[in-house]
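Below are the chains, spelled out letter by letter.
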Amino acid sequence: MQLNSAPLYSLSLKSAIDSHTLTVSLDTPVIDVLHLMAQVQSSCPVDTSPQLLETDATSLQVFKRASCALVMKGSELVGIFTQRDIVRLTAIGMNFQGVKVAEVMSSPVIKLIESESQDIFTALSVFRQHGIRHLPVLNSQGELMGVLTPKSIRASMQPANLLTRLWSVADVMSTQVIRAPMTTSVLNLAQLMAEYKVSCVVITRVEENKTVEIGNELKNYIVPMGIVTEGDIVQFQALELNLAQMQAHEVMSSPLFCLNPSDSLWIAHQQMQQSHVRRLVVTGVQGELLGIVSQTSLLKVLGATEMYGVIEELQQAVDESTTELREANERLQREIFSRALAEVELQKAHDDLKRQVEERTAELKAANQLLKEDIAKRQKVEEALRRREMELQEQAAQLEATLHQLRYTQASLIQAEKMSSLGQLVAGIAHEINNPVSFIHCNLPYASQYARDLLDVVQLYQKYYALPVPEIQNRAEEIDLNFILEDLLKLLSSMQIGAERIRQIVLSLRNFALLDQAEMKPVDLHEGIDSTLSLLQNRLKATPEHPGILVIKEYGDLPLVECYAGQLNQVFMNVLNNAIDALERGYPHSCSAPCIRIRTELIEGLGRSAIAMQQSSSSIADSQFPWLAIRILDNGPGMSENVRRKLFDPFFTTKPVGQGTGLGLSISYQIVVEKHGGELKCISTPGQGTEIVIEIPSKQNK
């Protein structure tokens, strides 16, 4: 008799006890018990978590949804609360809010004391006698060991070969199926379960125009569409859903796992294991509903007398197989003896080879030892270098974060201090320079006249005293008197021009640096632009690296503008500086004749974007005041759209490190938009230059 490597099955209770049991105290709220019993996903589509579907069978055994909760008073078992209890209470409409588990538990508890005389068939007898599905097991000291269920018994015995040989699905299926249409409410489903004391309801659809022959009767063609179980009811209660408003087709498990009546119980067993379900619907060849098979149905075949007889047959088969194995072992021993003789010869050859290998191994060990020592030294050095590198990286990260914070703080402080003191500083410098320059400028005409008079006197001396004394003649040659007579007036003329230039620069500085004025005043913007250009004159001149930059002024007829003049001059300075930088970087690839065009014009009414801003900003001028536009265009390389969007962001710059702070245009944007209620925007396309547009109102709201 062949066993197909099938194991002998143990009938001990210990192998079937589920020790992963949910226990609660008497004062635990029923709502909390529901949540604990519904730890993992329900089989209905209300909550479809893919995580449970990917869990293997072992994990499902450990983290399965609890089908009952044991109520403990200290270490004493005083009650049990099952899924069937939940369905029964749901069916009568009980509100679980504020209810303790002690009020609804089943007590006293039917339990089993573990002993040598008790086996699995004892538990099956208790199940059938009392009509229960959960049997707590206590040890001889009265301590809880776990719970016996039909599922745990089936999992421990796994009688696959027996089921295959002896029974089919038709032998054990229940034809009394409690079913309901798809529009039935979940509350009504719970009431059906409670009324008929079943653990599930099959959701069906009746085909009115079709009939099927069952036995000798023609019945309506009933198609199973889904199933709702006690576990689903527990899940819905844990989620605190309104069962009366939920219909069966919304929550049922579908598609169903189905069997044919002719399938063996082994196929049913495999389907339950693979699909992790406890119930399978039985359908006919046309898909009509015939019955249902559950784990309890499988256990019906486990009659004690018949199972003992089968086990004796299995034991006899094991004895026969043992005899066959003993004879095979004797043949194997004889073959081993013959092979041992051959191994003796092989051993001799092996010994010779071993001596050669040992000699070579000794040489390799010596070389390997030297290599290991060298590797150990290198590893120590590398480890020290790695630790030092990690320390340096941590220090560098800390320093970088500190430096970034310091840079931000420093830049803010510098800009604030610069803006508050620049006006006073430049005004003071202009005043200090202006006094001596005025003195020089006023006295240079007199000095020029005095020089001419002295030169006339010297020439008269040379005319009438052609032969001076030797000392005078030597001194005249020493100082090159003829050159002095020729160059002195030119020198004084150059000084006159330089003094005039200094006066113009001082005037430009005074016009530019009006940052200390705390109030807005009417000013001429053209004077501010001219002052800024005067200060940038040195950068506009030609150098060996690039030609001079042509500045074209297209000034319109502008009224006096009420503004912070010094701050607007700072905006002009930042924009013009950036334009000059762009032209210098673009020469000679993007522009062979660098040019900056400054155009001013009057805009009637509000600026282009200011109308929308007026509703949210009180600083925007009324529409009765005209707006001014200052456009500064260059024919440089332009910029990409990505750069243009970030142009006014703080610390954003495209200049090399050390040549820009990234604050100039950000501050300019703040001055124009926030301080003057205007608009600052950039229009640029790569290869076609850049245009900066400044739009401000001529007067501000008071």
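Computed from a prediction, not measured in an experiment: that's the story for all the values here.

Chemist: Can you walk me through the packing of helix α4 (residues 83–91) against helix α10 (residues 186–196) in this structure?
Modeler: When two helices pack together, their arrangement is given by the angle between the helix axes and by the axis-to-axis distance. One can describe the packing of α4 onto α10 by two numbers: an axis separation of 8 Å at closest approach and a directional angle of 120°. Comparing their axes, α10 and α4 come out oblique. Two packed elements cross with a definite hand, and for α4 against α10 that hand is left-handed. Taking contact as the criterion, the partners of Val-87, Arg-88, Thr-90 and Ala-91 in α4 are, on α10, Leu-187, Ala-190, Gln-191, Met-193 and Ala-194.

Chemist: I tried to follow the confidence of the model for the chain on my own but got confused; where do I start?
Modeler: Regions with low pLDDT carry predicted coordinates that are not meant to be interpreted in detail. In this model, the chain carries a mean pLDDT of 79, and residues with pLDDT of at least 70 account for 80%. Scored below 50 in pLDDT, residues 40–63 makes 37 contacts in the model with residues more than four places away or belonging to other chains. Low pLDDT (under 50) marks residues 160–164, which in the prediction has twelve contacts with non-local residues, meaning those over four places away or in another chain.

Chemist: Just to check I follow, could you spell out the packing of α10 against helix α11 (residues 230–238) for this structure?
Modeler: The interhelical angle for the contact between α10 and α11, taken along N-to-C directions, is 135°, at an axis separation of 11 Å. In terms of their interaxial angle, α10 and α11 are classed as oblique. When the axes of α10 and α11 are compared, the crossing they make is left-handed. For the pair formed by α10 and α11, the contact residues are Val-186, Ala-190 and Met-193 on the first element and Glu-230, Ile-233 and Phe-236 on the second. Across the contact of α10 with α11, the residue classes tally to five nonpolar, no polar and one charged.

Chemist: I keep staring at helix α13 (residues 265–275) and nothing clicks. Help me out?
Modeler: Every α-helical turn comprises 3.6 residues, leaving residues that sit three or four positions apart pointing alike. Within the span of α13, buried status applies to Leu-265, Ala-268, His-269, Met-272 and Ser-275. Buried residues of α13, viewed axially, fall in a sector of 150°; they line one side. Just downstream of α13 lies His-276, where phi reads positive at about 55°.

Chemist: Help me understand helix α18 (residues 525–535) in this model?
Modeler: With eight of eleven residues buried, α18 lies mostly within the body of the structure. Measuring from the backbone nitrogen of His-526 back to the side-chain oxygen at the start of α18 gives 3.0 Å, which picks out Asp-524 as the cap.

Chemist: Could you clarify how one ought to interpret the pairing of strand β2 (residues 68–73) in this entry?
Modeler: Successive side chains on a regular strand alternate, one facing one side of the sheet and the next facing the other. Here β2 lies mainly inside the structure; five of its six residues are buried. Bridge count for strand β1 (residues 23–25) against β2 is three bridges, and the pairing is parallel. Pairing of Ser-25 across the sheet is with Met-72, part of β2. One ladder, built from six bridges, connects β2 with strand β3 (residues 76–82); its direction is antiparallel. Residue pairing for β3: Ala-69 is matched across the bridge by Phe-81. From the end of β2 to the start of β3, which pair antiparallel, there are two residues, and Gly-74 there has a positive phi angle of about 70°.

Procedures and definitions
Residues numbered from 1 in each chain as written. Predicted model: local features only at pLDDT ≥ 70, side-chain atom pairs only at ≥ 80, totals over all residues. Heavy atoms only, no water. Axes fitted to C-alpha atoms, helices over the stretch in contact; angles between N-to-C directions. Helix = DSSP H or I, 4+ residues; strand = E, 2+ residues; numbered from the N terminus. Parallel < 35°, antiparallel > 145°, perpendicular 65-115°, else oblique. Left-handed = near helix turned anticlockwise from the far one by under 90°. Contact = heavy atoms within 4.5 Å. pLDDT = per-residue confidence, 0-100. Nonpolar A, V, L, I, M, F, W, Y, C, P; charged D, E, K, R; others polar. Buried < 20%, exposed > 50% of the residue type's maximum accessible area, 1.4 Å probe, protein only. Arc of directions from axis to C-beta. Polar contact = N/O pair within 3.5 Å; in protein donor to acceptor, adjacent residues only side chain to side chain. Pairing = 2+ DSSP bridges.

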